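Coordinate inspection notes
Here's the letter readout for the chains.
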Amino acid sequence: MYLFVNKRLLVASFILCGLFAGDVVSGQSISITEELKTIKTYPYSDPNPVPSVAINAQASIFYPYSIFDGYTDKGIQKEWKVVTLENDYIEVTVLPEVGGKVMGAIEKSTGEEFIYLNHVLKFRAIGIRGPWTSGGIEHNFGLDLGHAPWTSSEVDYVLKENPDGSVSCVVGGLDLASRTQWRVIIHLPEDKAYFETRSIWYNPTPLNRAYLSWENAAYKATDDLQFYYPGTHHIGHGGKVSPWPVDKEGRNLSIYKENDFGTSKSYHVFGNYPNWFGGYYHNTDFGTGHWAPYSDAPGKKIWIWSLARLGAIWEGLLTDTDGQYIEAQSGVKFNQASRQSGFNTPFNQLFMRPFYSETKSEYWFPVKETGGMVAATPSGTLNLVSTNDSLLISFCPNISISNSLIVKSAETTVLSEYIQLKPMQVFKKSISLPESAQQDIEVNIGEGLLSYTTNKNENRITRPIATPSGQDYNSAEHLFRQADDMNSMRSYNRALKTYFACLEKEPTHSRALSKVAELYYRKAKFNEGLKYARKVLENNTYDADGNFIYGVIQRALGNLTQAEEAFSVAVRSMEYRSAAYVQIAGLHLQKKDYKNAEVYAKKALDYNRFNITAYGF
């Protein structure tokens, strides 16, 4: 078993564990085990000795990662480390040597998979570095349009038996290209029919980094599968917005088999304010659900292989007998934006700011015997089926429930009942609805466990979904946004040229000047970068971006007093306060002023307890 040995890795892991401590429980059966299992494997080659920059322009931005370009159709029996987390309700397996991904998850009373489990490891050239294999849940942080660079590689991991009776497998590693670091706790409570993926991803550098973050789960793809993704539109990779779930041709895209047209599909569903999504198999009366706070993961995506031969061939290329799959993804952005997505649409790229940390908590759970779903939370999944004079209520709990179930219509209570349920003990009840009650229906279980209304306007999002036509695409501001998108996708040379085009239009554009200074810092052209940072301060001595990058460059030049002075001004901004304090701590450490190094590290933590770098002091 591999243990975290770096101090900051340990800090990140323990912080993340401490954030999500559960209540003490007892009387349940739970275990976490690690063993070598023989799995039929279609391996990939040794790395190509030629650097990626000479092979593939798309992969070159991941330097110093190598490319793997040899594959086989001959399977071998190979031993892999498999971690199994199991309680009375579900079983979850993890592959620490394959990106730390969840291999699959099973609901024990039915034996059904609620996370697709591929029983072979059939590596194919799909990932950004080449090898990728389907199934489970993979963890993607950074620029992952081609899947993260570690998706088929061994990662660090540690097993934990927690004081509250739960068990966890912590996986994580370092992105060599950006120096960002990530951890995911795969956490199974003792007495609940769900597991969590709790993640922290942090930037320990003073630079802006690419910011994409997605958990990518696999579900089985069968004709009876229906997607339950609340929304009114879906967004493409390029930012184009189209109707959801019924398209302009009248096809219900939420039904898997109705996607039998065109090529492979990416649906980033948008338009409602939900915290959940799921899929349901009507033939087996079984499904799968996901819940995460909208503030953690507003992005909700479905990816489907083409139902034509173009996509069908990948079933045989990626598995032997487990059948086709789809990908259900949860992320921090509304869409996985292509390089041009934000040029003419509102769906731009994002930066991961200096010393920023992202945390997410996501729940994955089975659903059975509900016939579908209208709402889901970590407490359970609800479905309603109404006819002219009745309402069938189905609820599949993930936790033990001893609480009220109240159903209202037009403020009239039509059902009030106390329910006592164990996890996966399905509740069903049909009630009559008088004609006077045929209005919006509200369902509440307990206080805050689950709430649902049929009023479609309740959670409707009114955010703009298109950029107005007729704008000046050569304006300084538009050029700046284009340059920022290029920069955040690691296209640094193109970004620099476009920032300069912005400055030709508006020479005092402070944000462009700051980004040019940062790009010159990346090139180690410190004096050139300093010149542009000074131009920002000539126009606004308090500019936060300008002061921070000015301090970063002065520190690189060895001008420690000038650097500390600039960071001391940057702390006036909440965006840079913690980052600037940790830089000042570092300066005192360079001066061997250990007392003040500690003082300023604590100041950094006062404003961002997830500033992992500060814990190193």
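Note that this is a predicted model, so its numbers are computed, not measured.

1. Considering the overall build of the protein
Secondary structure assignment for the protein yields twelve helices and 33 strands. Over its C-alpha atoms the protein spans a radius of gyration of 26 Å, differing by no more than 12% from the 25 Å that the globule rule assigns to 617 residues. Overall, the C-alpha framework of the protein stretches about 75 × 60 × 55 Å when taken along its three principal axes. Expressed as a percentage of the 617 residues in the protein, the buried residues total 57%. For the protein, contacts bridging at least 24 residues in sequence account for 66% of all contacts bridging at least 6. Element-wise, carbon and sulfur atoms account for 48% of the exposed surface of the protein, whose accessible area totals about 25300 Å². For the protein, the distance from the average site of its 61 positive side-chain charges to the average site of its 65 negative ones is 8 Å.

2. Some words on the pairing of strand 30 (residues 412-421)
In this sheet, strand 30 lies alongside strand 29 (residues 401-409) in antiparallel orientation, the contact comprising nine bridges. Opposite Ser 402, over in strand 30, you have Gln 420 as the bridge partner. Hairpin connection from strand 29 to strand 30: two residues lie between these consecutive antiparallel strands, with Ala 410 at a positive phi of about 50 degrees.

3. Some points on a negative patch on the surface
On the surface, Glu 411, Asp 440, Glu 442 and Glu 458 cluster together into a negatively charged patch. Within the secondary structure, Asp 440 sits in the loop between strand 31 (427-432) and strand 32 (441-445).

4. Remarks on the pairing of strand 29
Bridging between strand 29 and strand 32 involves five bridges; their strand directions are antiparallel. What sits directly across from Lys 408, in strand 32, is Glu 442.

5. Notes on the packing of helix 7 (residues 526-539) against helix 8 (residues 544-556)
One can describe the packing of helix 7 onto helix 8 by two numbers: an axis separation of 9 Å at closest approach and a directional angle of 150 degrees. It follows that helix 7 is roughly antiparallel to helix 8 by the angle criterion. Note on packing geometry: the crossing formed by helix 7 with helix 8 is left-handed. Contact residues: Phe 526, Gly 529, Leu 530, Ala 533, Arg 534, Val 536 and Leu 537 in helix 7; Gly 546, Asn 547, Ile 549, Tyr 550, Ile 553, Gln 554 and Ala 556 in helix 8. Its residues placed into classes, the contact of helix 7 with helix 8 shows nine nonpolar, four polar and one charged.

6. Observations regarding the packing of aromatic side chains
Geometry of an aromatic ring pair is reported as the spacing of the ring centres plus the angle between the planes. The final tally for this structure, using the stated rule, is 31 aromatic pairs. Seen from their ring centres, Tyr 273 and Tyr 294 are 4.4 Å apart, and the 50 degrees between their planes marks the pair as tilted. Remark: Tyr 294 occurs in the loop between strand 21 (286-291) and strand 22 (299-304) and Tyr 273 occurs in the loop between strand 19 (265-270) and strand 20 (276-281); sequence separation between them is 21 residues. Here Tyr 273 falls in the partly exposed class, since its relative accessible area comes to 47%.

7. A look at empty space enclosed by the protein
Enumeration over the complete set of coordinates arrives at five cavities of 30 Å³ or more. Its boundaries defined by the atoms lining it, the largest cavity holds a volume of some 80 Å³. Every residue along the wall of the largest cavity is listed here: Pro 206, Asn 208, Pro 354, Ser 514, Lys 515, Glu 518, Asp 545, Phe 548, Ile 549 and Tyr 576. Secondary-structure elements contributing two or more residues to the lining of the largest cavity are helix 6 (510-522) and helix 8.

8. Describing the side chain of Arg 209
Within the element layout of this structure, Arg 209 appears in strand 14 (residues 209-210). Glu 518 provides the closest opposite charge to the buried, unpaired Arg 209, separated from it by 7.3 Å. Beyond its immediate stretch of four places on either side in the chain, Arg 209 contacts Ala 177, Ser 178, Arg 179, Thr 180, Asn 203, Leu 350, Phe 351, Met 352 and Arg 522.

9. Some details on the nonpolar core
Core analysis: the biggest nonpolar cluster contains 86 residues, and Leu 85, Ile 115, Val 171, Phe 195, Ile 302, Ile 326 and Ile 393 have the highest contact counts within it. Once residues within four sequence positions are removed from consideration, Ile 326 is found in contact with Ala 217, Ala 218, Tyr 219, Ala 221, Leu 225, Phe 227, Tyr 256, Ile 302, Trp 303 and Ile 304. By size, the runner-up hydrophobic cluster in this structure holds 49 residues, among which are Tyr 521, Leu 530, Ile 553 and Ala 580.

10. A look at the pattern of salt bridges
If charged atoms from side chains of opposite charge come close, those side chains can pair. Under the defined criterion, the tally for this structure stands at 18 salt bridges. Put simply, Glu 196 and Arg 198 hold a salt bridge, and the shortest N to O gap is 3.0 Å. Judged on exposure class, the residue Glu 196 and its partner Arg 198 are both buried. Note that Arg 353 and Glu 575 form a salt bridge whose closest N and O atoms lie 3.2 Å from each other. In this pair, Arg 353 is assigned in the loop between strand 24 (351-352) and strand 25 (357-368) and Glu 575 in helix 10 (residues 574-590), connecting sequence segments 222 residues apart. A relative accessible area of 31% places Arg 353 in the partly exposed class. Judged by relative accessible area, which is 43%, Glu 575 ranks as partly exposed. Put simply, Lys 40, Lys 122 and Asp 320 are held in one network by salt bridges that share partners.

11. Re unusual backbone geometry
Note that the residue after Tyr 63, namely Pro 64, is joined by a cis bond; omega there is 20 degrees. Note that Pro 64 resides in the loop between helix 2 (57-60) and strand 2 (76-86). Positive phi, close to 60 degrees, is recorded for Glu 369, a residue that is not glycine. Counting through the fold element by element, Glu 369 comes out in the loop between strand 25 and strand 26 (375-377). Judged by relative accessible area, Glu 369 falls into the partly exposed class, the value being 36%. In this structure, Glu 411 takes a positive phi of about 70 degrees despite not being glycine. Here Glu 411 shows up in the loop between strand 29 and strand 30.

About the cut-offs
Residues numbered from 1 in each chain as written. Predicted model: local features only at pLDDT ≥ 70, side-chain atom pairs only at ≥ 80, totals over all residues. Heavy atoms only, no water. Helix = DSSP H or I, 4+ residues; strand = E, 2+ residues; numbered from the N terminus. Rg over C-alpha atoms; globule rule 2.2 N^0.38 Å. Buried < 20%, exposed > 50% of the residue type's maximum accessible area, 1.4 Å probe, protein only. Contact = heavy atoms within 4.5 Å. Areas by Shrake-Rupley, 256 points an atom, 1.4 Å probe, with all protein chains shown as cover. Lys, Arg positive; Asp, Glu negative; His and termini not counted. Charge placed at Lys NZ, Arg CZ, Asp CG, Glu CD. Pairing = 2+ DSSP bridges. Patch = residues over 30% accessible without salt bridge, like charges linked within 9 Å, V, L, I, M, F, W, Y side chains within 5 Å. Salt bridge = Lys/Arg side-chain N within 4 Å of Asp/Glu carboxyl O. Axes fitted to C-alpha atoms, helices over the stretch in contact; angles between N-to-C directions. Parallel < 35°, antiparallel > 145°, perpendicular 65-115°, else oblique. Left-handed = near helix turned anticlockwise from the far one by under 90°. Nonpolar A, V, L, I, M, F, W, Y, C, P; charged D, E, K, R; others polar. Phe/Tyr/Trp six-rings, centres within 6.5 Å; stacked < 30°, edge-to-face > 60°. 1 Å grid on protein atoms, 1.4 Å probe; cavity = no way out; pocket = protein on both sides within 12 Å on 5 of 7 lines; lining within 4 Å. Points joined across faces, edges and corners; volume = space filled by probe spheres on them. Core = buried A, V, L, I, M, F, W, Y, C linked by side-chain atoms within 4.5 Å.

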